[in-house]
Amino acid sequence: MTTPMDTSDGALFAGRYRIIRRLGQGGMARVYLAQDESLHREVAIKVLADRHSDDPHFIERFQREARAAARLNHPNIVQVYDQSQGGMSYIVQEYVEGETLKDLIRRESPLDPRRAITIALQILAALRVAHQQGVIHRDVKPQNILMQPDGKLKVADFGIASAGGDTEMTEAGSIVGTAQYLAPEQARGLPVGPPADLYALGIVLYEMLSGRVPFEGDSAVNVALRHVQEAPEPLTERNPLVPVALESVVMRALAKDPRQRYQSADEMGIELDQVRQGLPISDETAVIGAATLAMARPAPPTPAETMVAPPLPPREAGPPRTPANPNRRRLWILLIVLGVVLLAIAAGVFAFTRGDTGGGTTTATTTTTSALVEIPDLTGQTQAEATAALKALGLAVLITKQASADVPTGQVIAVRPNPGGRVPPGTTIELQISTGPNVVAIPSVQGSAVGTATAQLEALGLLVSTVEDVSDSVAEGNVISQAPSAGVEVKPGSTVTLTVSSGQQTTIVPNVAKMDIANAQNTLIAAGLVLGAQTEVNDAAPAGQVVSQDPAAGTSLPAGGSVSVVISKGPATTTVPSVVNQARGTAEATLSSAGFTPSATEQATTDPAQDGIVISQDPAGSSQRPQGSTVTIVVGRYTGSTG
Ligand code: ATP
Ligand code: MG
């Protein structure tokens, strides 16, 4: 039996979605095309990758994604239909046919400026709605823009979007995002608002218009640092077809200081639309755009300076200083490399390259002071104690949870970076907190819908297999029983077998028509049914015979159900009128009007008084006979006196 979470082609996922094929894979999930067998529509199911399914951090992020997005409804936003309940970890979304904007850029960039603007305006329409509802996307990038064949697009994955700020994550100062589209404040672990999404859109525009993102690097850390401290190369240098006004709009979106950027999707949309129409843009945009471009490349830092996190770049700065001679230049390059390395440490940027994401995601924080702090050894302390100790030292905290057989629940298993190391205040220190021994207590899922039960169990790292059984008391699709039973402690990865109701046992109703009642009853009992109400009617069928039944033969009925029958009591009868001694004509009329068919025979008589008179009848008057039956009358015919 396949498990309900089977994602192979043709499998029925979560009891409802028939997997058609895999659509793609991202940093933390796989996406499948499936047919929703209940609503008869195609859907895209995003399933959290196995390696994250026991990582509460990822499950949290994944579920928040669905919750945030489920509230949004807009033609430019991928609709979220459904999500797993209780932990494990899939999201059912609108299926968008087509390719991603990344595919389009790879194939056709640089895009024509008008086309790039049309695309950006649709993304802005989606962001506008989300921002109005307090949802920041936080992961705007071409991979999350789904292009339909008709040119309309939908923004997917209001991914790491957080509607108001998640305390643990903000407190930890950690952010996750794809480094190439990461706003500086996001890279620095600061709170983000709509301008962060507009920055990412600025990068997307830059990429559409030039074929490349402005900041590339061999690691996420590098790229993040470049967002923080480097000016982008002018778009018009990479692609001379880009109008200067459009470059200004993009550069304003890419301002390092979020306060200098557009503050809302509307603001940016209005200016993009002006560029499209060839109208002038605002002075503000022209000035800020120029300042973004004019920002000096970072001056060669001294090691002491690099301990200070980069301040927000000055709006106006002189041109980059040019080295006077090749030797000094070489020294400077050396210093820059050293500076970036030290800055990376100082900024406390940890690239958690997760699995095979190729460094696509990063967790970064920055600091604002220069004295170094020694990381204390906190193993064995409680989460609260350890957190307080780190905060007292001016360090930020990232909590991760992990099972441990030795360290009691809630205590620190390990500290990263390692205790004894020296870091600047503000650096994020990871505390691995024990979730206790690696066992889970199986919850009771009896009576739950199989999908809910499966999700609940899988969220705990358990595997689920199902068998079906009939049940009179448990509704179809709900769990009748589970093995092992609730409360039993097992290792994650153990299988729980659910017996799922296929509904009541049913039986096919046999045909009992034309049987007598005793036979009918025996036949029904043999089929596991009972004889129900019996109604008698007049019918041409012989009395005592079953004329009809309900339910009809061939239909199915829960076992023990009753079948009612209609039994013939023979045809309806009428009292035969007595017509003896009546004149033949009168007699025939009387019989006809009583519903009988008269049939006369004659008999010779010597009594003239009996001529034309009914002498006898059969059946006799007052007897009961079926309507329409024949009443024979004997009519006298005078043949003269004998003798
Ligand atoms: P990240 O993990 O950072 O979001 P990503 O966006 O590349 O990276 P996924 O969101 O997991 O990764 O999506 C993987 C791929 O699946 C996408 O690139 C896209 O091709 C496809 N895809 C995702 N959602 C849908 C959808 N609703 N309809 C059609 N295809 C989709
Ligand atoms: Mg995505």
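Residues numbered from 1 in each chain as written. Chains lettered and ligands numbered in written order. Predicted model: local features only at pLDDT ≥ 70, side-chain atom pairs only at ≥ 80, totals over all residues. Heavy atoms only, no water.

Visitor: With reference to specific residues and values, describe the overall build of the chain.
Guide: Within the chain, the regular secondary structure consists of 17 helices and 31 strands. Looking at the chain residue by residue over its 643 residues, the buried ones come to 45%. Sequence-distant contacts in the chain: of pairs separated by 6 or more residues, those separated by 24 or more amount to 67%. Only carbon and sulfur atoms are counted for the fraction: they give 52% of the accessible area of the chain, which is about 29,100 Å². (Helix = DSSP H or I, 4+ residues; strand = E, 2+ residues; numbered from the N terminus. Buried < 20%, exposed > 50% of the residue type's maximum accessible area, 1.4 Å probe, protein only. Contact = heavy atoms within 4.5 Å. Areas by Shrake-Rupley, 256 points an atom, 1.4 Å probe, with all protein chains shown as cover.)

Visitor: Explain the pairing of strand β13 (residues 396–402) to me, using residue names and the numbers behind them.
Guide: The element β13 is largely enclosed, with a buried count of five among its seven residues. With seven bridges connecting them, β13 and strand β16 (residues 428–434) associate as parallel partners. In the strand pairing of β16, Thr400 is matched with Gln432. (Pairing = 2+ DSSP bridges.)

Visitor: Talk me through the sheet that holds strand β9 (residues 153–155); I want residue IDs and the actual numbers.
Guide: On the basis of which strands lie adjacent, the open sheet formed by three strands has the order β7-β8-β9 and antiparallel pairing. Pairing within the sheet leaves two strands with one partner each, and these edge strands are β7 (99–100) and β9. Across two bridges, the pairing between β7 and strand β8 (residues 145–147) is antiparallel. Each bridged residue has a counterpart across the sheet, and for Thr100 the counterpart in β8 is Leu146. Helix α3 (residues 113–132) contacts β8 and β9 of the sheet and is inclined by roughly 40° relative to β9. (Axes fitted to C-alpha atoms, helices over the stretch in contact; angles between N-to-C directions.)

Visitor: Break down the pattern of salt bridges for me, citing the residues and quoting the values.
Guide: Summed over the entire model, instances satisfying the criterion amount to 23 salt bridges. Linking Arg252 and Glu284 is a salt bridge whose minimum nitrogen-to-oxygen distance equals 3.4 Å. Taken together, the positions of Arg252 in helix α9 (residues 244–253) and Glu284 in helix α11 (residues 283–294) put the pair 32 residues apart, joining distant regions of the chain. A salt bridge links Glu430 to Arg416, with the nearest nitrogen and oxygen atoms 3.2 Å apart. Highlighted residues: Glu430 in strand β16 and Arg416 in strand β14 (residues 412–416), separated in sequence by 14 residues. (Salt bridge = Lys/Arg side-chain N within 4 Å of Asp/Glu carboxyl O.)

Visitor: I'd like a rundown of the coordination of the magnesium ion (ligand 2), residues and numbers included.
Guide: For the magnesium ion (ligand 2), every protein donor is listed as Asn144 (OD1) and Asp157 (OD), and the spread of their distances is 1.8 to 2.0 Å. Of this pair, Asn144 sits in the loop between α3 and β8 while Asp157 sits in the loop between β9 and α4 (167–171); the two residues are 13 residues apart in sequence, bridging distant segments of the chain. We note that Asn144, like Asp157, is buried. (Donors = N, O, S within 2.8 Å, 3.2 Å for Na, K, Ca; no water.)

Visitor: An account of the confidence of the model for the chain is requested, with residue identities and associated values reported.
Guide: Looking at the chain as a whole, its pLDDT mean stands at 80, while 81% of the residues score no less than 70. Confidence, read as mean pLDDT per element, is least for α4 in the chain (29) and greatest for helix α6 (residues 194–210) (97). A low-confidence stretch, residues 161–177 stays under pLDDT 50, and its non-local contacts, those more than four residues away or across chains, total 57 contacts. (pLDDT = per-residue confidence, 0-100.)

Visitor: Pulling in residues and values, what's your account of unusual backbone geometry?
Guide: With omega at 0°, the peptide bond leading from Ala483 into Pro484 counts as cis. Examined against the element boundaries, Pro484 turns out to sit in the loop between β19 (479–483) and β20 (489–490). Its identity as a non-glycine residue notwithstanding, Asn581 has a phi of 80°, on the positive side. Relative to the elements of secondary structure, Asn581 occurs in the loop between β27 (573–575) and α17 (584–593). The backbone of Ser622 shows a phi angle near 80°, a positive value even though the residue is not glycine. Relative to the elements of secondary structure, Ser622 occurs in the loop between β29 (614–618) and β30 (624–626).

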